[in-house]
Amino acid sequence: MNPTLKIRTPEGIAFSFALAGPVVRCLAWALDFLVIMIILKVVMLVGTVIGFISPDFQVVVMLIGYFVVSVGYGIVLEWFWRGRTVGKWLLRLRVMDSHGLRLQPHQVLLRNLLRFVDSLPAFYFVGGVACLASRTSQRLGDLAASTVVVYNPKPVEPDLDQLLAGKFNSLRQHPHLEARLRQRVSPDEARLALQALVRRDDLDPAARVALFSELADHFKSIVTFPAESVEAVPDEQYVRNVVDILFRTRGTEAKPAPREPAGAVG
């Protein structure tokens, strides 16, 4: 079983990340090495063409090309591709800050510059030993840059029928306002509300109340529903109703319970 990195934010949200061990990281490096060799092959072909014009300039191009590709490959891809290289992408890995913060340029630069030390004396021996000795599978470059390599699992779509079932949605009594809500809410806002519902049990009670209060106020500012449809609805239920409208079609929502006719005898 892979070791796990657990991070809790100041808002009380807990995240768990499966750490990548030295074996899978070595496989990712092997794939990246093949990509680097292909790029260097192209550089050599360009240098050969230049050699017909100036042999001395060919040597300069080859040396600069080798340095830029071998060092810049990891730096450029990990920064612009959010902690991934081709090898990491194929094996569903990514680099992240060890405290869950946004990955910074100096971290990417430092961990890649220290790759030379980790590769000593050959085949990443120093880096491999450091990974085995570290509880968070960090090589020397990761320790210096405060980074870790984690698995980046394929996102699983939540079961909306299970997540939203069993609750009557009072907002659906106003179809024209439903349509206006779908039109005005952005995809990012919709996904944020959905993820808040999915992860609500991971929140501290106070953080949960504060989060759904903020989300409910935000959606109420986008479209105003009649008071009788919202005044008795808790904030978390209001957000659930909004997500129901944004992600599910009409006809799949719960129906209100039938009332007893006046004067009925039980």
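Our next topic: the overall build of the protein chain. Per the secondary structure count, the protein chain includes 13 helices and four strands. Its C-alpha atoms give the protein chain a radius of gyration of 27 Å, more than 25% over the compact-globule value 18 Å for 266 residues. Taken along the three principal axes of its C-alpha coordinates, the protein chain extends 100 × 45 × 25 Å. For the protein chain, the proportion of its 266 residues judged to be buried stands at 36%. Accessible surface computed for the protein chain: about 16500 Å², of which carbon and sulfur atoms make up 65%.

So, on to the pairing of strand 1 (residues 4-8). Taking every second residue as pointing to the same face, the buried face of strand 1 carries Leu-5 and Ile-7, while none of Thr-4, Lys-6 and Arg-8 on the other face is buried. Relative to strand 2 (residues 14-18), strand 1 runs antiparallel, the two being bridged by five bridges. Bridge pairing in strand 2 links Ile-7 to Phe-15.

To continue, consider helix 6 (residues 125-133). Buried residues of helix 6: Gly-127, Ala-130 and Cys-131, and no others. The buried residues of helix 6 occupy an angular sector of 100 degrees when the element is viewed end-on, so they sit on one face. Exposed and facing more than 90 degrees away from the buried side of helix 6 are Phe-125, Leu-132 and Ala-133. In this structure, the buried side of helix 6 is in contact with helix 1 (22-51), helix 5 (115-118) and helix 7 (140-145).

All right, on to the nonpolar core then. In this structure, Leu-171, Phe-219, Phe-225, Tyr-238, Val-239 and Val-243 are the most contacted members of the largest nonpolar core, which totals 26 residues. Counting residues per element, the ones that place at least two in this core are helix 8 (160-164), helix 9 (175-184), helix 10 (187-198), helix 11 (205-222) and helix 13 (235-247).

Another aspect to go through is the packing of helix 11 against helix 13. Pairs of packed helices are described in terms of their axes, by the angle between the two and the distance that separates them. Packing of helix 11 against helix 13 leaves a shortest axis separation of 8 Å and a crossing angle of 50 degrees. Here helix 11 is positioned oblique relative to helix 13, judged by the angle of their axes. Here helix 11 runs over helix 13; the crossing is left-handed. Of the residues in helix 13, those touching helix 11 at Arg-208, Phe-212, Ser-213, Leu-215, Ala-216, Phe-219 and Lys-220 are Asp-235, Glu-236, Tyr-238, Val-239 and Val-242. A per-class count over the contact of helix 11 with helix 13 returns seven nonpolar, one polar and four charged.

Next up on the list: the state of the cysteines. In protein structure, a disulfide is the covalent linkage between the sulfur atoms of two cysteines. Scanning all chains against the criterion turns up zero disulfides. Of all cysteine sulfurs, the one in Cys-131 lies closest to Cys-26, which takes part in no disulfide; the gap is 10 Å. The class of Cys-131 is buried, set by a relative accessible area of 6%.

Moving on: the confidence of the model for the protein chain. Interpreting fine coordinate detail is not advised for predicted regions of low pLDDT. Taken as a whole, the protein chain shows an average pLDDT of 87; of its residues, 91% reach a score of 70 or greater. The model gives residues 254-266 a pLDDT under 50, and that stretch makes six contacts with residues more than four places away or in other chains.

Where helix 10 meets helix 11, the axes come as close as 11 Å, and the angle between the chain directions of the two elements is 150 degrees. The pairing of helix 10 with helix 11 is recorded here as roughly antiparallel in orientation. Along this stretch, helix 10 crosses helix 11, giving a crossing that reads as left-handed. Here Glu-189, Leu-192, Ala-193, Ala-196 and Leu-197 of helix 10 come into contact with helix 11, specifically with Leu-211, Phe-212, Leu-215, His-218, Phe-219 and Ile-222. Grouping the amino acids of the contact of helix 10 with helix 11 by side-chain chemistry returns nine nonpolar, one polar and one charged.

Let us look at a nonpolar patch on the surface. On the surface, Phe-57, Val-60, Ile-64, Phe-67 and Val-68 cluster together into a nonpolar patch covering about 490 Å² of accessible area. On the secondary structure map, Phe-57 appears in helix 2 (residues 55-80).

Calculation criteria
- Residues numbered from 1 in each chain as written.
- Predicted model: local features only at pLDDT ≥ 70, side-chain atom pairs only at ≥ 80, totals over all residues.
- Heavy atoms only, no water.
- Helix = DSSP H or I, 4+ residues; strand = E, 2+ residues; numbered from the N terminus.
- Rg over C-alpha atoms; globule rule 2.2 N^0.38 Å.
- Buried < 20%, exposed > 50% of the residue type's maximum accessible area, 1.4 Å probe, protein only.
- Areas by Shrake-Rupley, 256 points an atom, 1.4 Å probe, with all protein chains shown as cover.
- Pairing = 2+ DSSP bridges.
- Arc of directions from axis to C-beta.
- Contact = heavy atoms within 4.5 Å.
- Core = buried A, V, L, I, M, F, W, Y, C linked by side-chain atoms within 4.5 Å.
- Axes fitted to C-alpha atoms, helices over the stretch in contact; angles between N-to-C directions.
- Parallel < 35°, antiparallel > 145°, perpendicular 65-115°, else oblique.
- Left-handed = near helix turned anticlockwise from the far one by under 90°.
- Nonpolar A, V, L, I, M, F, W, Y, C, P; charged D, E, K, R; others polar.
- Disulfide = S-S within 2.5 Å.
- pLDDT = per-residue confidence, 0-100.
- Patch = residues over 30% accessible without salt bridge, like charges linked within 9 Å, V, L, I, M, F, W, Y side chains within 5 Å.
- Salt bridge = Lys/Arg side-chain N within 4 Å of Asp/Glu carboxyl O.

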